[in-house]
Amino acid sequence: MKQGIFEITENKPLTQNVMRMRLIGDTSACIRSGQFINIKIEGLFLRRPISVCDLNKDELTIIYKVVGKGTEVMRRKSVGDKLDVLTGLGNGYDLSPSGDKPLLIGGGVGVPPLYLLARQLMERGKDVTVILGFNTAKEVFYEKEFGDLGAKTILVTADGSVGKKGFVTDHMDLDYSYFYTCGPEPMLKAVYKRSVTSGQFSFEERMGCGFGACMGCSCKTVTGYKRICKDGPVLCKEEILWQTQK
Amino acid sequence: MADTKVTLCGIELDNPVIPASGTFGYGAEFAELYDINILGTFSFKGTTWEPRFGNPTPRIAECTEGMINSVGLQNPGVEKVISEELPKLKKVFRKKVMANVGGFSIEEYVKTAAQLDACDCVGWLEINISCPNVHGGGMSFGTSPTAAAEVTKAVKKAVKKPVIIKLSPNVTDIASIAAACESEGADGISLINTILGMRINLATRKPVIANRKGGFSGRAIFPVAVRMVSEVAERVHIPVIGMGGVSSADDVLEMMMAGATAVEVGAANLIDPYACKKIIEDLPAEMEKYKINSLREIIGAVNG
Ligand SMILES: Cc1cc2nc3c(=O)[nH]c(=O)nc-3n(C[C@H](O)[C@H](O)[C@H](O)COP(=O)(O)OP(=O)(O)OC[C@H]3O[C@@H](n4cnc5c(N)ncnc54)[C@H](O)[C@@H]3O)c2cc1C
Ligand SMILES: Cc1cc2nc3c(=O)[nH]c(=O)nc-3n(C[C@H](O)[C@H](O)[C@H](O)COP(=O)(O)O)c2cc1C
Ligand code: FES
């Protein structure tokens, strides 16, 4: 973990409510995809956790949906503004068990952390397939970017307005060696049931600190109590206990 | 040179700044960022006899200049704290640490405190009779002078190290509870724990916190804490540790003028992990600004 001041180099809408922000600063603490940063927002007490979507030397990319006060303040930020950010938080995805044909499954604003993961898996010569799930055509983002990485991209919308119709789990009957997923909890649960291999899930929880000090974000797992912010947000399929996961 | 030293129940502290229980874990996360030996000491996460998971999530709610938590005393239980956490703690912190103890019966307080009393790295026992998060638990001891006195008496009999009783602000007359603890031999009083609070999600019409209510802390509660610290310091003759909303060196000076010998910093650590380091670094300049040579001289300055 590191605390740093980051300068905004981009803050632009991808859809009506989803924004992409690029930040320049000391990214040396960011070591894995699936990790997150915790952003201080003036006028609000708690920091806001957002996943790292991409990382290039000293530049971080995040994609966030405007859902409340904090993300609304973020939307109004301009290029050149500075943010106080804690970086390098959480365990992140473990690439080592991916096998040759990893499947990545993202839903809504669960898609962003899969981008850096897909890039890293492609760089290792893996045959990557990504299923991107959204409610409707207007909410779709990053389909092209995943394609540009060279990943096979399957777009799914609940209303069928673009891509295949249905839920991500309706289109999972593929040949894959391992999977990685991030998205709303009902989607994660469905992926858990539908998946035929082992895999990794990224969770969200309300956070006090984001770096392991307050026990605000705990959950029960097969291997004991874990802090989503420090021992997670990524949990392996085998350690998840849904009934207590809320 | 500004003298920041104070003496807390017979042990000298380099400065009065102490991260508060539940907001500093066992120190490891902060030791990654700075040398935590600059602290006066710190109070580690509340320890109970049995391991506890605590309350369901969400346990955290945002408030204006503060937060609500309903962690519910999550901890691995005293046995594991001693066998697993304290050895790790000793690697990053060389000074005496403050052991925070929670409980649901007098026997439990006594057993847990006695185990921690025997640990060489523990300098003080801070007995939390105030955690508002546990149904039918700690709360009842902290809200009645008789019950508070009973816990104090029983723990004092079982331990050698200084016993600091940590009080709940969710009472009408906090000074009389402090006085009851003093009369049974408490070596110090710390206050305030969190103030009971609640937030509602307008969209779902449900409480934000799974457990409905939780403990409110952070900058917003500072004036309440200063008032209560002053009331207690005026009544008792033992050292008082002031806390509640402290987030700057100025706040430390204000707490001390209200009667605090040392000052704990809670929620501020969660939103800025460097909060205590900054406060300690800012203290000498702030002291100079208010013509304070030694912090000892301002303790209780406001009280008659
Ligand atoms: C590890 C992690 C990674 C995340 N990554 C992303 C991402 O890449 N893109 C994205 O759009 N969102 C992400 N989120 C969700 C994001 O943190 C929330 O949408 C955001 O905090 C909402 O803040 P707000 O002030 O706008 O909303 P408000 O509802 O006003 O926030 C009130 C409080 O609730 C908390 N909160 C609200 N929603 C969530 C949530 N879903 N999860 C955790 N805390 C929440 C806020 O942090 C704040 O403390 C992530 C959450 C976690 C825990
Ligand atoms: C997340 C969190 C966990 C806490 N856990 C404990 C605890 O285990 N034992 C205890 O005595 N107090 C606990 N407290 C209370 C604090 O130690 C402190 O008394 C209170 O938060 C007021 O200080 P503040 O406003 O600086 O946070 C906790 C507070 C927070 C925010
Ligand atoms: S949010 Fe504080 S421990 Fe996870």
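Keep in mind that what you see is a predicted model, and the values were worked out from it rather than measured.

S.K.: How would you sum up the overall build of chain B? Please name residues and give values.
M.R.: Helices and strands together make up the secondary structure of chain B, namely 10 helices and 15 strands. A globule of 304 residues ought to have a C-alpha radius of gyration of about 19 Å, and chain B, at 18 Å, matches this closely. Overall, chain B is about 50 × 50 × 40 Å in size when its C-alpha atoms are taken along their principal axes. For chain B, the residues scored as buried account for 61% of the 304 residues in total. Here the analysis covers contacts within chain B between residues at least 6 apart in sequence; of these, 72% occur between residues at least 24 apart. Here chain B displays about 11600 Å² of accessible surface, and carbon together with sulfur accounts for 53% of that area. Between the mean site of the 31 positive side-chain charges and the mean site of the 34 negative ones, chain B shows a separation of 6 Å.

S.K.: Describe helix H2 (residues 78-92) of chain B, listing the residues and the values that go with them.
M.R.: Residue and element names in this part refer to chain B. In this model, H2 (15 residues) spans 20 Å end to end at C-alpha, consistent with the 21 Å of a helix rising 1.5 Å per residue. Of all the bends in H2, the greatest reaches close to 40° and is centred on Glu 85; the proline Pro 87 follows between one and four positions later. Every buried residue of H2 is accounted for by Val 78, Val 81, Glu 85, Leu 86 and Leu 89. On the buried face of H2, the contacting elements are strand E6 (97-101) and helix H3 (106-117).

S.K.: Describe the site of ligand 2, with residues and values.
M.R.: Neighbouring ligand 2 are 23 residues, the closest being Ser 21, Lys 166, Gly 218, Gly 245 and Ala 267 of chain B. The local environment of ligand 2 is shared, drawing residues from chains A and B. Residue Gly 218 of chain B places a main-chain N or O atom 2.8 Å away from an oxygen atom belonging to ligand 2. One nitrogen or oxygen atom from the main chain of Gly 245 of chain B is found 2.6 Å from an oxygen atom belonging to ligand 2. Protein chains bury 98% of the 610 Å² of accessible surface belonging to ligand 2 in isolation. Taken together, the residues that form the shell around ligand 2 break down as seven nonpolar, 14 polar and two charged.

S.K.: Any details on the nonpolar core? Residues and values, ideally.
M.R.: By size, the foremost hydrophobic cluster in this structure holds 126 residues, and its most contacted members are Leu 8, Phe 44, Ile 127, Leu 167 and Leu 191 of chain B. With seven residues, helix H7 (residues 222-235) of chain B is the largest single contributor of residues to this core. Each residue touching Phe 44 of chain B, except ones within four places of it in the same chain, is listed here: Ser 21, Gly 25, Tyr 26, Val 81, Leu 86, Leu 89, Val 97, Met 98, Ala 99, Asn 100 and Leu 116 of chain B. If you look at the next biggest cluster of nonpolar residues, it comprises 27 residues, including Val 111, Phe 134, Phe 141 and Phe 146 of chain A.

Procedures and definitions
- Residues numbered from 1 in each chain as written.
- Chains lettered and ligands numbered in written order.
- Predicted model: local features only at pLDDT ≥ 70, side-chain atom pairs only at ≥ 80, totals over all residues.
- Heavy atoms only, no water.
- Helix = DSSP H or I, 4+ residues; strand = E, 2+ residues; numbered from the N terminus.
- Rg over C-alpha atoms; globule rule 2.2 N^0.38 Å.
- Buried < 20%, exposed > 50% of the residue type's maximum accessible area, 1.4 Å probe, protein only.
- Contact = heavy atoms within 4.5 Å.
- Areas by Shrake-Rupley, 256 points an atom, 1.4 Å probe, with all protein chains shown as cover.
- Lys, Arg positive; Asp, Glu negative; His and termini not counted.
- Charge placed at Lys NZ, Arg CZ, Asp CG, Glu CD.
- Expected span 1.5 Å × (residues − 1).
- Bend = angle between axes of the 7 residues up to and from the residue.
- Near = heavy atom within 4 Å.
- Polar contact = N/O pair within 3.5 Å; in protein donor to acceptor, adjacent residues only side chain to side chain.
- Nonpolar A, V, L, I, M, F, W, Y, C, P; charged D, E, K, R; others polar.
- Core = buried A, V, L, I, M, F, W, Y, C linked by side-chain atoms within 4.5 Å.

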